[in-house]
Amino acid sequence: MAVKDRDRFSTATRIRLLGEQTAARVYRSQTRRQARRSRLTGRAAFLALVVCSLVVALAYPMRQYVSQQGEIADQERKAAEAAKRVEELRDEKARLQDPAYVRRLAREHLHYVLPGETGFTVNDPDAEHRPRTEQGATDRPWYDNLWDGVDRADRP
């Protein structure tokens with residue numbers, strides 16, 4: 001037993017134990033590294049490359065498809081609006097074929113009167129009190145706009 005105790009405390013034994021412990025640590029760290037490295041294999045890298053290339057290859061056609069679907073919807077909307085406008089114009093054309101409707105338009109817009117009728121023009125009593133600036137410049141004759149400019153130039 002004395003030889004065994006003495007051997008346990010010898011320098012050579014300590015160095016051997018230290019070497020074994022160090023070797024065990026190195027072995028453990030290498031197995032950890034290998035476990036980390038083994039997550040990405042060559043097959044997985046190739047699969048990732050194929051998936052990425054498919055995504056890149058399909059991105060532009062998908063973008064084109066989506067934009068064309070939007071354009072198709074826009075053109076369908078415009079076609080529906082044009083069809084609605086055509087219907088309105090057909091209705092207006094049918095109304096204009098009626099002589100009574102044309103007579104009514106002439107009376108309203110051109111102030112025509114039939115023979116035997118008396119035409120009246122009603123003046124607005126509040127027109128004198130209303131300032132001229134309330135009327136839009138495009139609704140008035142050009143000489144009224146010119147005269148207003150002269151009037152404004154005389155004011156301080």
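Up top is the structure these notes are about.
Figured I'd write up the structure that's included with this text.

## Remarks on the overall build of the protein chain
Item 1. Assigned secondary structure in the protein chain consists of 5 helices and 0 strands.
Item 2. Beginning at the N terminus, the succession of helices and strands in the protein chain can be written as α-α-α-α-α.
Item 3. Relative to its full complement of 156 residues, the protein chain shows a buried share of 4%.
Item 4. As presented, the protein chain carries roughly 14,800 Å² of accessible surface, and 59% of it is formed by carbon and sulfur atoms.

## Things to note about unusual backbone geometry
Item 1. Here the phi dihedral of His111 falls at roughly 60°; this positive angle occurs in a residue that is not glycine.
Item 2. Its location among the elements puts His111 in the loop between α4 (99-110) and α5 (142-154).
Item 3. The exposure class assigned to His111 is exposed, which follows from its relative accessible area of 64%.

## Description of the pattern of salt bridges
Item 1. Taken as a whole and judged by the stated rule, the model has 9 salt bridges.
Item 2. A salt bridge links Glu88 to Arg85, with the shortest nitrogen-to-oxygen separation between them at 3.7 Å. Pair noted here: Glu88 and Arg85 are both in helix α3 (residues 42-96), with a separation of 3 residues, about one helical turn.
Item 3. What makes Glu88 partly exposed here is its relative accessible area of 38%.
Item 4. A residue is classified by how much of its surface remains accessible, and Arg85, at 47% relative accessible area, is partly exposed.
Item 5. Of the charged contacts, one joins Glu92 and Arg95 as a salt bridge, the two residues approaching to 2.4 Å between their closest N and O atoms. Of the two residues, Glu92 and Arg95 are both situated in helix α3; the distance of 3 residues between them amounts to about one turn of the helix.
Item 6. Residue Glu92 is classed as partly exposed on the basis of its relative accessible area, which comes to 26%.
Item 7. You can call Arg95 partly exposed: its relative accessible area is 36%.

## As for the packing of aromatic side chains
Item 1. Per the stated rule, a full pass over the model turns up 1 aromatic pair.
Item 2. Taking 5.9 Å as the distance between ring centres and 80° as the angle between the ring planes, the aromatic pair formed by Trp142 and Tyr143 counts as edge-to-face.

## Considering a nonpolar patch on the surface
Item 1. Nonpolar side chains collect at one region of the surface, where Phe46, Leu49, Val50, Leu54, Leu58, Met62, Tyr65 and Val66 lie side by side and expose about 830 Å² of accessible area between them.
Item 2. Relative to the elements of secondary structure, Leu49 occurs in helix α3.

## Comments concerning the layout of surface pockets
One water molecule sets the probe size; rolling that probe over the atoms shows where empty space is left.
Item 1. In this model, the largest pocket occupies a volume close to 150 Å³.
Item 2. Lining the largest pocket, in full, are Arg107, His111, Tyr112, Val113, Glu117, Thr118, Gly119, Phe120 and Thr121.
Item 3. A breakdown of the residues in the lining of the largest pocket according to their chemical character gives 3 nonpolar, 4 polar and 2 charged.

## Side note on the packing of α3 against α4
Item 1. Packing of α3 against α4 brings their axes to within 6 Å, and their N-to-C directions diverge by 90°. One way to sum up the angle between α3 and α4 is to call them roughly perpendicular. Together, Glu92, Arg95 and Leu96 of α3 and Tyr101, Val102 and Leu105 of α4 make up the contact between the two elements.
Item 2. For the contact of α3 with α4, the per-class residue count stands at 4 nonpolar, no polar and 2 charged.

The rules we used
Residues numbered from 1 in each chain as written. Predicted model: local features only at pLDDT ≥ 70, side-chain atom pairs only at ≥ 80, totals over all residues. Heavy atoms only, no water. Helix = DSSP H or I, 4+ residues; strand = E, 2+ residues; numbered from the N terminus. Buried < 20%, exposed > 50% of the residue type's maximum accessible area, 1.4 Å probe, protein only. Areas by Shrake-Rupley, 256 points an atom, 1.4 Å probe, with all protein chains shown as cover. Salt bridge = Lys/Arg side-chain N within 4 Å of Asp/Glu carboxyl O. Phe/Tyr/Trp six-rings, centres within 6.5 Å; stacked < 30°, edge-to-face > 60°. Patch = residues over 30% accessible without salt bridge, like charges linked within 9 Å, V, L, I, M, F, W, Y side chains within 5 Å. 1 Å grid on protein atoms, 1.4 Å probe; cavity = no way out; pocket = protein on both sides within 12 Å on 5 of 7 lines; lining within 4 Å. Points joined across faces, edges and corners; volume = space filled by probe spheres on them. Nonpolar A, V, L, I, M, F, W, Y, C, P; charged D, E, K, R; others polar. Axes fitted to C-alpha atoms, helices over the stretch in contact; angles between N-to-C directions. Parallel < 35°, antiparallel > 145°, perpendicular 65-115°, else oblique. Contact = heavy atoms within 4.5 Å.

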